[in-house]
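The chain contents come next:
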Amino acid sequence: MELSTNTLFLCLALALTNGAPVNHDAAVDDASLPDRCDGIGFDAITPDENGTTFFFRGSHLWKGYRGPAQLSNESFQQLDDIHNIGHVDAAFRMHNIKHEGDHDHMYFFLDDKVFSYYGHALEEGYPKDIQQDFPGVPSHLDAAVECPKGECMTDSVLFFKGHDVHVYDIATMTVKIKTWSHLPVCTSALRWLEHYYCFHGNNFTRFHPVLGQVSGGVYPKDARNYFMKCPNYGHGGDHKVLNCSDVKIDAITTDDAGKSYVFAGTNYMRLDTWRDGLHSFPIARSWKELTNGVDAVFSYSDNMYLIKDDQVYIYNAAAQYTLIEGYPKTLKEELGIEGHVDAAFVCPNDDTVHTITGGMIRAIDLSATPRVVTGEWLLPFSDFDAALCSAEGINVFKGATYYHYESPMTLAMSRISPEPQHVTTGMMGCKE
């Protein structure tokens, strides 16, 4: 996956939020509005095309994971009395990349009608009977959720009614019905970070989208600890929005599957999940041996290398980042170098890792056993924080600025640093 500079900074918006999703809605809660923390639950949940998640209840909705309720027709103007919509039964975002006319559209269901929105505007010709757009799908639904090919057998939509799940094949417009009596009756459903969640009241249960099996862990769990910010609940702690001049990341990488990660302090965040909304987690959640952050990270040959102090931890990406037996090893044992590593990167289709220590960059041949340092050069300045190489070149981060180089050799041989580019509010959601 090629991660552009603009995409990178869009995705970095949560990198230093101490585990809680960023939300820029600073409105004060109104006591007359419904409270998402009261345990009643939601009628429907769906992200829009920009990854903002909407939680619907009655005639109101919540935009994102924080902030007060607002009338649904403030965000979706046609959800009003003229169209006789007091609530929605179910909602989902369409995944249909072969048909741009449908992809990333939002569909709302009420009784026997369906409403299609794009850019928060109702499309011409809607509402329609559900059977016109989704033949075989029943009316008066409980919940719906998208299921892309690879997670389901084909690009599909899961429609829930009672304990029955109507699996709608988008391409063939056919329905298969499954009965998952072991699941609670879902009042809403959500796909998030490639996982599937059935919401029931203030609880949720994670399930497999093909088999319906309840996934690992003890369920149900209280949604107020994970999907919203509520007093006396939560697993991420409090946070504050940083000043742009204070932004600092520790490491960044993209693995062979195209999943991109940023590390900051003791937290990490997936960068390629902006369509699902973004969230940061403790590093130890995925890499349990690392509880105090990382200094540098790079990906090579389906493995992720995380460096902390003089230790190298290698995790197998295909095995859900399982630590490879025999690790950690010292930098000397694994890479043939010593000292602190500030940043590291591997470019696409390359067998060389470049490590940066102070004002020195080294090239190390990863195809050689033992590892061989094939070159080292002095850099025009030092104290880098992180670096990422993609087909577009290399971005090197230093505090709240970054520098772009066309290639590793351009970086290694340059005697004058390029013009620094500064992090802005638009890039990272920080305060200027």
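Note that this is a predicted model, so its numbers are computed, not measured.

**Points about the overall build of the protein**
The helix and strand inventory of the protein stands at 6 helices and 34 strands. When the 432 residues of the protein are sorted by exposure, 50% land in the buried category. Taking as baseline every contact in the protein between residues at least 6 positions apart, the subset at least 24 positions apart corresponds to 45%. Split by element, the accessible area of the protein, about 19200 Å² in all, is 49% carbon and sulfur.

**A word on the UniProt feature "repeat: Hemopexin" (unreviewed entry) in the protein**
Mapped onto this structure's residue numbering, the UniProt feature "repeat: Hemopexin" (unreviewed entry) falls at residues 39-78, 85-137, 183-230, 246-290 and 291-338. Helix makes up 10% of residues 39-78 and strand makes up 38%, while its end C-alpha atoms are separated by 28 Å.

**Here's the deal with the packing of aromatic side chains**
Taken as a whole and judged by the stated rule, the model has 43 aromatic pairs. Here Tyr197 and Phe227 contribute two aromatic rings whose centre-to-centre distance is 5.2 Å and whose plane-to-plane angle is 70°, an arrangement assigned as edge-to-face. A residue pair is termed long-range when its members are at least 10 positions apart, and Tyr197 in strand 15 (residues 195-200) and Phe227 in the loop between strand 17 (221-222) and strand 18 (251-254) qualify at 30 residues. Exposure remark for Phe227: the relative accessible area of 3% places this residue in the buried category.

**Some words on the pairing of strand 11 (residues 156-161)**
Within strand 11, 5 of the 6 residues are buried, leaving the element largely enclosed by the surrounding structure. Sheet topology places strand 10 (residues 143-147) next to strand 11; 5 bridges connect them, and they run antiparallel. Within strand 11, the position partnered with Ala144 by the bridge is Phe159. Two strands pair when backbone bridges link them, and strand 11 and strand 12 (residues 164-169) are joined in this way by 6 bridges, in the antiparallel orientation. For Val157, the partnering residue across the bridge sits in strand 12 and is Tyr168. Counted along the chain from strand 11 to the antiparallel partner strand 12, the turn is 2 residues long, and its residue Gly162 has a positive phi close to 60°.

**As for the pairing of strand 31 (residues 386-390)**
Counting buried positions along strand 31 gives 5 out of 5 residues, so the element sits mostly inside the fold. By the alternation rule, side chains of strand 31 split into Ala386, Leu388 and Ser390 and Ala387 and Cys389, which are all buried. Bridging between strand 31 and strand 32 (residues 393-398) involves 5 bridges; their strand directions are antiparallel. Residue pairing across strands places Ser390 opposite Gly393, the latter belonging to strand 32.

**Quick notes on the nonpolar core**
Phe263, Trp287 and Leu306 are the most contacted members of the largest nonpolar core, which totals 33 residues. Among the elements of the structure, strand 14 (188-192), strand 15, strand 19 (260-264), strand 23 (303-308) and strand 24 (311-316) are those that each provide at least two residues to this core. Lining this core are residues from two domains, each supplying at least three of them: domain 1 (36-225) and domain 2 (244-422). Residues Phe92, Phe115, Tyr117 and Leu141 belong to the second largest nonpolar core, which totals 29 residues.

**A closer look at the state of the cysteines**
The tally for this structure, following the rule as stated, stands at 4 disulfides. Note on cysteine connectivity: Cys147 is disulfide-linked to Cys152, with sulfurs 2.0 Å apart. The S-S bond linking Cys147 to Cys152 shows a torsion near 100°; that makes this disulfide right-handed. Side by side, Cys147 and Cys152 carry an identical accessibility label, which is buried.

**Points about the sheet that holds strand 1 (residues 44-47)**
Spatial ordering of the open sheet is given by 1-2-3-4, a layout of 4 strands whose pairing is antiparallel. With partners counted over all chains shown, the strands left at the sheet margins are strand 1 and strand 4 (70-71), one partner each. Across 4 bridges, the pairing between strand 1 and strand 2 (residues 53-57) is antiparallel. Residue Ala44 lies in a different strand from strand 2, and its bridge partner there is Phe56.

About the thresholds
Residues numbered from 1 in each chain as written. Predicted model: local features only at pLDDT ≥ 70, side-chain atom pairs only at ≥ 80, totals over all residues. Heavy atoms only, no water. Helix = DSSP H or I, 4+ residues; strand = E, 2+ residues; numbered from the N terminus. Buried < 20%, exposed > 50% of the residue type's maximum accessible area, 1.4 Å probe, protein only. Contact = heavy atoms within 4.5 Å. Areas by Shrake-Rupley, 256 points an atom, 1.4 Å probe, with all protein chains shown as cover. UniProt positions renumbered as here; feature names shortened; annotations may be inferred. Phe/Tyr/Trp six-rings, centres within 6.5 Å; stacked < 30°, edge-to-face > 60°. Pairing = 2+ DSSP bridges. Core = buried A, V, L, I, M, F, W, Y, C linked by side-chain atoms within 4.5 Å. Domains from an automatic or database assignment. Disulfide = S-S within 2.5 Å.

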